[in-house]
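Report on the structure
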Amino acid sequence: MTGLDTENTPTPQLHLQNMTASDFQLNSDSQRSTPPSRCRGPFNSIKLFVLCHGMLQLAQLLVSGYLKSSISTIERRYGFSSQKSGILASFNEVGNIVLIVLVSFFGSRVHRPRFIGGGALLVSLAALIMAMSHFISGPYKYTDHISESKDDDSGLCQLESSFQSPLSNHSCTQQESHSQQGVFPLLLLGQLLLGIGGVPIQPFGISYIDDYASKRNSPLYLGILLAVTSIGPAFGFMMGSFMLRFYVDIDKMSKDQIGLERRDPRWVGAWWLGFLVAASFLFLTSLPYLFFPRQMPKEETGSDATEPREEEEKKPLPDPVLELTLTQFLKSFPRIALRTLRNPIYLLVVLAQVHLAAMVAGLATFMAKFIERQFTQTASFSNMMIGGVSIPLAVLGIVLGGALMRRLSISTRGSALMCTAAILMCMLTALPLLLLGCSTQSVTGVYPTTQNGSLGCSAGCSCPTETFNPVCGSNGVEFISPCHAGCMTKVQDNNTIKVLNYTNCVCINGSHALPGTCGSNCEHLLLPFMVLSALTCFIASFSQTPSYMMILRTVRTEDKSFAVGVQYMLFRMLAFLPAPVLYGIAIDTTCILWGKKCGRNTSCHYYNMDLFRQRFLGLQVLFVCGAFICFLLSLLILRHRAGQQGQQAEQRYTVVNGVKSPDNNTASKELQRMPA
């Protein structure tokens, strides 16, 4: 006690002697209902915590969704293969897997709000590191870069000249050593920190809300966080759609100096700009967590005040995790995990969810790229389709699936039936996607002929082997550069450096060619593809809520927390980590012309679109079939168990008229106790 407190209570013992028992009870109740003045601050409100945590989760998932939306642009900018892009997209799971197990141990032992704030600051730093790659790599130099000079003939057919590559071996080596080689490790470091920083955010936030929210409001708060978790990636894709409209070097050159259109296959959008926005958002949303207390007063509502004090009479059971040391916890975790995995229903449902999670991870990473290539769309438009159509319908399916379960009070076996039916319908809508597409456009020297190298008509043009500046001839045939089309001259815009067309093209009988690709002529199939794709997402998401309920209803009560932890760990190890890499490898096997820079392969210029579609969407169908088999087996096991229980009941009780059981008196007594 301070001196001020002593002056206010000069005779505490005499005061206590004069109090009756009822006075003491009344005084204690008033003290409990009126917390000290320091507990009535704004940061002692669980509602404010829910608001802050919703904004933080939105910012965190904004980064994840934005990276997925920019992955094809980063791939084109730095010459990554799809496999390398898949490694980058999934590398945040490495840090997450390593530390996620420790969250269960340290959950109630640390200052959770400060750990959440620290993790958010680390995620903000990760976003800044990823954006830093743009500033250390110098200006974007694409092949046949147009000079501001109107007399520049680079990229055209130059007869009887020893044309050299714009970059000498010395400049290539210097560029690779100082900028390009350091970009991929820097992006990986950002992804690693993104995964580590995100470990405490959701688990600590949910447990903190569950501890201090009222029993009535807790489901509402958690539902708000679940909704934010679902729409966060959608905001990331929509922001990617907006940012990729700007040229990558918008900070280094004026608009008149940009010689590319958005539909040009060499166009690279300002992918780094979204990371700066997300980093600022994360920094601002992390600051309030430094002021939230380690413990706050339990929230009280009007209904809580009128109800009897049942919660006070029922003392909470001690958490067994709190009684363990870190060594004991790490030793017991594999044993409990194996015991949980021995449950066949739990194992099958988790494997089904792993199949669906792997499908989602691969599609989220490369679906925008597939739409770009198959339907000749811009990266901005592709991201808008995913963030504005597919993801919202998936969220709607999750909500409706939960509402349907609540409305019909579906049992565990009914949940298995619902999941099996939803995935079966999902298979029926996913299979037609394999047929919606077109073959690769005709590209002279690339597809469909097997001829490589220089063409006969442009053999004397000395075209560089590394050039890539596709043009579409007036005859509808595409060439990988104006030089390969034998074009002698070009017509530029008077106000900008953009090329309007190329003329005097030898390989097109002296006619002209327009800059850019001819396209796959598949734009008319985009609408039915998006309808079926969104419908597939909508139907598949119906299985999420019943599958979670199957897990919670089929494991021991004391193992539920561990079961959910093992489930998320398996998600990351078996789905989120390997799936993007697997999809990337499958996509790379369909490449028919790799880009070249400084003698090394870069990103792919042309794909065999039939193989691309079959392998990319074929993996989707494969994962859906795997989920269907797992859900079907779980349904059969539950039905078999129900049949066994029925047979045991028939053996114990008399169920057929005129047949006596071995112990008729005992059976009659037990039959009377059974419900009708």
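For the structure, see preceding data.
All of these numbers come straight from a predicted model, not from anything done at the bench.

Reading the values: rules and limits
- Residues numbered from 1 in each chain as written.
- Predicted model: local features only at pLDDT ≥ 70, side-chain atom pairs only at ≥ 80, totals over all residues.
- Heavy atoms only, no water.
- Phe/Tyr/Trp six-rings, centres within 6.5 Å; stacked < 30°, edge-to-face > 60°.
- Buried < 20%, exposed > 50% of the residue type's maximum accessible area, 1.4 Å probe, protein only.
- Helix = DSSP H or I, 4+ residues; strand = E, 2+ residues; numbered from the N terminus.
- Lys NZ or Arg CZ within 6 Å of the ring centre and 35° of its normal.
- Disulfide = S-S within 2.5 Å.
- Core = buried A, V, L, I, M, F, W, Y, C linked by side-chain atoms within 4.5 Å.
- Contact = heavy atoms within 4.5 Å.

**Here's the deal with the packing of aromatic side chains**
The tally for this structure, following the rule as stated, stands at 27 aromatic pairs. When the centroid spacing of 5.2 Å and the interplanar angle of 85° are considered together, the rings of Phe-538 and Phe-542 count as edge-to-face. For Phe-538, a relative accessible area of 18% corresponds to the buried category. Between Phe-612 and Phe-616, the aromatic rings sit 6.0 Å apart at their centres with planes inclined by 85°, giving edge-to-face as the arrangement. Within this pair, Phe-612 and its partner Phe-616 are both found in helix α22 (residues 609-652), separated by four residues, close to a single helical turn. Considered together, Phe-612 and Phe-616 belong to a single accessibility category, that of buried residues. By the ring-pair criterion, three or more aromatic residues cluster together here, those being Phe-370, Phe-375, Phe-529, Tyr-583, Tyr-607, Phe-612, Phe-616 and Phe-623. The positively charged end of Lys-84 is found above the aromatic ring belonging to Phe-184, 4.8 Å away from the centroid.

**Re the state of the cysteines**
Counted by the stated rule, this structure contains seven disulfides. The partner cysteine of Cys-487 in its disulfide is Cys-505, sulfur to sulfur 2.0 Å. Since a negative S-S torsion denotes a left-handed disulfide, the Cys-487-Cys-505 link at about 95° is right-handed. With Cys-487 in strand β3 (residues 487-492) and Cys-505 in strand β4 (residues 499-505), this residue pair connects regions lying 18 residues apart in the sequence.

**Some words on the nonpolar core**
Membership of the largest hydrophobic core comes to 78 residues, with the highest contact counts inside it found for Met-367, Phe-370, Phe-375, Phe-529, Tyr-583 and Phe-616. Counting residues per element, this core draws most heavily on helix α15 (residues 344-375), at 18 residues. Not counting residues up to four positions away in its chain, the partners in contact with Phe-375 are Phe-370, Leu-436, Ser-520, Cys-522, Glu-523, Leu-525, Leu-526 and Phe-529. Counting 63 residues, the second-largest nonpolar core is a separate cluster that includes Phe-49, Tyr-221, Leu-225 and Val-268.

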